[in-house]
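Structural overview
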Amino acid sequence: MAVVAALHLAPVKGLRLVPVDAVDVRPSGPTGDRAFVLREPDGRIALTMRNPRLVQVVPAWDPDRSELALTFPDGTRVAGPVERGAAVTTAFYDGRPVTGHVVEGPFGAALSEHAGHPVQLVARAEGVTGGDDSAVTLMSRASLAALGAALGAGDELDGRRFRMTIEIDGVEAWAENGWAGREVCAGDAVVGVAAPTVRCAVTTRDPDDGHRDAPVLKALANLRGKDDVTFGVWCDVVAPGRVRVGDAVVVAPSGR
């Protein structure tokens, strides 16, 4: 039986991925996921590839109390209530405009100092999808193990480099790549698989400190072909609901 093996959120897009025991999946994505983005002075999103040190910052976001905390690698912690300031639009890597408000207070200055250049912390507007192409992402542990074997890392390959929402166990390697157009029930939520996720060079970097440590794209090309450098799948939300680690995962038959 397939089950939810792990769940992760990225409260601030581009900062450290955070493990959680449960997520509430809404049409725009999991509650608290990508609630904030980092914006360059030119209005573009601060991409991890240009700012690899940002993954060293650990965020903690309490949406009920509207409080954010950022812990930096030297132990410095910046925390407080989120106060929304000027309305801005951030251009994502695909050109999609994402609306939000600049967060006032000490957060932007602390993140700018760590990044080595000015960045703004922006609170994403309510109801706007904060992921890249789809609201939810999903991968299997078997696929991760197959990729780890190809890299000579075995079970030591850290799946956080792929920044996936839902990690499942109990299916064969690469099974999820064939689920496009099918629905997946995970816990109380139902997602529709849109397409495999095309990968970029950020997956070659260590998810804790951002240094380049593994030729992931080359390994994927060797495993799946140079025209199929994908890992995991994009999913849209069909029915919102709560997903917990250990919940059953059921994939609808093809053609449903």
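Before any of the text, the structure's been laid out above.
Here the structure is a predicted model, which means the values were calculated and not measured.

Points about the overall build of the protein
In terms of helices and strands, the protein carries three helices and 18 strands. At 18 Å, the protein has a C-alpha radius of gyration in line with the 18 Å of a compact globule built from 256 residues. Looking at the protein as a whole, 51% of its 256 residues qualify as buried. Contacts in the protein between residues at least 24 apart in sequence constitute 70% of all its contacts with a sequence separation of at least 6. Here the protein displays about 11,300 Å² of accessible surface, and carbon together with sulfur accounts for 51% of that area. Counting 27 positive and 33 negative side-chain charges, the protein places the centres of these two groups 3 Å from one another.

Some remarks on the packing of helix 2 (residues 141-151) against helix 3 (residues 216-224)
Helix 3 packs onto helix 2 with a crossing angle of 105° between their chain directions and a minimal axis gap of 10 Å. Between helix 2 and helix 3, the interaxial angle falls into the category roughly perpendicular. In contact with Ala146, Leu147, Ala150 and Leu151 of helix 2, helix 3 contributes Val216, Ala219, Leu220 and Leu223. Grouping the constituent residues of the contact of helix 2 with helix 3 by class yields eight nonpolar, no polar and no charged.

Considering the nonpolar core
Val136, Leu138 and Val243 are the most contacted members of the largest nonpolar core, which has 22 residues in total. Val136 has contacts with Val25, Pro30, Thr165, Ile166, Val191, Val233, Trp234, Cys235 and Val237, leaving out every residue within four places of it along the chain. Counting 21 residues, the second-largest nonpolar core is a separate cluster that includes Val12, Leu15, Leu111 and Ala123.

A look at the layout of surface pockets
Of the voids in this model, the second largest pocket is the one considered here, and its volume is about 320 Å³. As for the second largest pocket, its lining consists of 15 residues, of which Arg26, Gly32, Ala35, Arg124 and Glu126 are closest to the centre. Here the residues of the lining of the second largest pocket are counted per class, giving six nonpolar, five polar and four charged.

Considering unusual backbone geometry
One non-glycine residue, Arg34, lies in positive phi territory at about 50°. Residue placement: Arg34 occurs in the loop between strand 4 (29-30) and strand 5 (36-39).

Side note on empty space enclosed by the protein
Tallied over the entire structure, the rule returns three cavities of 30 Å³ or more. Estimates place the volume of the largest cavity at around 90 Å³. Lining the largest cavity are Thr48, Pro52, Val55, Arg160, Arg161, Arg163, Val202, Arg205, Asp206, Pro207 and Gly210. Taken together, the residues of the lining of the largest cavity sort by class into four nonpolar, two polar and five charged.

Quick look at helix 1 (residues 107-115)
Burial in helix 1 covers these residues: Phe107, Gly108, Ala110, Leu111, Ser112 and His114. Contacts made by the buried residues of helix 1 are with strand 5, strand 7 (67-71), strand 8 (77-81), strand 10 (97-103) and strand 11 (120-124). The first or second residue beyond helix 1 is Gly116, which carries a positive phi of 90°.

Let's talk about the sheet that holds strand 9 (residues 84-91)
Taken in spatial order, the four strands make up an open sheet running 5-11-10-9, and their pairing is antiparallel. Lying at the two open borders of the sheet, with one neighbouring strand each, are strand 5 and strand 9. Across the sheet, the mean angle separating the axes of adjacent strands is 45° when strand polarity is ignored. Sheet topology places strand 9 next to strand 10; six bridges connect them, and they run antiparallel. Its bridge partner being in strand 10, Thr90 is matched across the sheet by Val98.

A short note on helix 2
Note: α-helices contain 3.6 residues per turn, so residues at a spacing of three or four share the same orientation. Among the residues of helix 2, those classed as buried are Ser143, Leu144, Leu147 and Gly148. Around the axis of helix 2, the buried residues are gathered within 135° of arc, so they sit on the same side. Where the residues of helix 2 are buried, they touch strand 12 (136-140), strand 13 (166-169), helix 3 and strand 16 (230-239). Among the residues trailing helix 2, Gly152 stands out with phi positive, at a value near 80°.

Re the pairing of strand 1 (residues 3-9)
Along any regular strand, the residues point their side chains to alternate faces of the sheet. Counting buried residues in strand 1 gives six out of seven residues, a clear majority hidden from the surface. The pairing of strand 1 with strand 13 spans four bridges and is classified as antiparallel. In the sheet register, Leu7 faces strand 13, and the bridge partner there is Ile166. Direction of pairing for strand 1 relative to strand 2 (residues 18-20): antiparallel, over a ladder of three bridges. From the neighbouring strand, Leu7 faces strand 2, where its bridge partner is Val20.

Definitions and cut-offs
Residues numbered from 1 in each chain as written. Predicted model: local features only at pLDDT ≥ 70, side-chain atom pairs only at ≥ 80, totals over all residues. Heavy atoms only, no water. Helix = DSSP H or I, 4+ residues; strand = E, 2+ residues; numbered from the N terminus. Rg over C-alpha atoms; globule rule 2.2 N^0.38 Å. Buried < 20%, exposed > 50% of the residue type's maximum accessible area, 1.4 Å probe, protein only. Contact = heavy atoms within 4.5 Å. Areas by Shrake-Rupley, 256 points an atom, 1.4 Å probe, with all protein chains shown as cover. Lys, Arg positive; Asp, Glu negative; His and termini not counted. Charge placed at Lys NZ, Arg CZ, Asp CG, Glu CD. Axes fitted to C-alpha atoms, helices over the stretch in contact; angles between N-to-C directions. Parallel < 35°, antiparallel > 145°, perpendicular 65-115°, else oblique. Nonpolar A, V, L, I, M, F, W, Y, C, P; charged D, E, K, R; others polar. Core = buried A, V, L, I, M, F, W, Y, C linked by side-chain atoms within 4.5 Å. 1 Å grid on protein atoms, 1.4 Å probe; cavity = no way out; pocket = protein on both sides within 12 Å on 5 of 7 lines; lining within 4 Å. Points joined across faces, edges and corners; volume = space filled by probe spheres on them. Pairing = 2+ DSSP bridges. Arc of directions from axis to C-beta.

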